[in-house]
Amino acid sequence: MKHARFTIAHLTVDGEDMPLLYADLVVAQHDNESELEWECVAASRRSMALEQSCYDLRMLTPQGRRLAGDVVLVRSDDRGHVFRGVGPLAGFTEREFERPTG
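Residues numbered from 1 in each chain as written. Predicted model: local features only at pLDDT ≥ 70, side-chain atom pairs only at ≥ 80, totals over all residues. Heavy atoms only, no water.

S.K.: Help me understand the packing of aromatic side chains, please; the structure alone is not making it clear to me.
M.R.: The description of an aromatic ring pair rests on the distance of the ring centres and on the angle between the ring planes. All told, the structure shown has 2 aromatic pairs when counted by the stated rule. A ring pair is formed by Phe6 and Phe92, whose centres lie 5.9 Å apart and whose planes are at 90°; its orientation type is edge-to-face. Residue Phe6 is found in strand S1 (residues 2–7), and its partner Phe92 is found in the segment after strand S8 (80–85); the two are separated by 86 residues along the sequence. Centre to centre, the rings of Tyr55 and Phe83 are 6.5 Å apart; their planes meet at 85°, and the pair counts as edge-to-face. Separated by 28 residues along the polypeptide, Tyr55 in strand S6 (residues 54–60) and Phe83 in strand S8 bring together distant segments of the chain. Comparing Tyr55 with Phe83 shows no difference in burial state: the two are buried. (Phe/Tyr/Trp six-rings, centres within 6.5 Å; stacked < 30°, edge-to-face > 60°. Helix = DSSP H or I, 4+ residues; strand = E, 2+ residues; numbered from the N terminus. Buried < 20%, exposed > 50% of the residue type's maximum accessible area, 1.4 Å probe, protein only.)

S.K.: Can you walk me through unusual backbone geometry in this structure?
M.R.: Where the residue is not glycine, phi is negative for most of them; where a peptide bond is considered, it is trans in most cases. Residues other than glycine seldom take positive phi values, yet Asp14 does so here, at roughly 50°. You can see Asp14 is positioned in the loop between strand S2 (10–13) and strand S3 (16–18). The backbone of Asp78 sits at a positive phi, close to 80°, despite the residue not being glycine. Residue position: Asp78 is located in the loop between strand S7 (66–76) and S8. Using a relative accessible area of 37% as the deciding quantity, one classes Asp78 as partly exposed.

Okay, here's the thing in structure tokens:
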């Protein structure tokens, strides 16, 4: 399995800013499979009641890299949120597993 991890500095959920304590994005690809799997785990500074539903997630790394895609909310406890990608991740290609990410 190949994987890459990104620290996320800024996150929007359906256009709404989420004030972050921290957020990480993990992108993975299983051997002999072409599709990428990706997940974002975020902790917000304030309570954000999110329903288990589909969302548009927009992410920005500290280096200014933009990543985005459609997700489903897997679980949430008002401040901690786990989003799983349900399609392509804009801003990332599988060729990047061959070099360090940031």
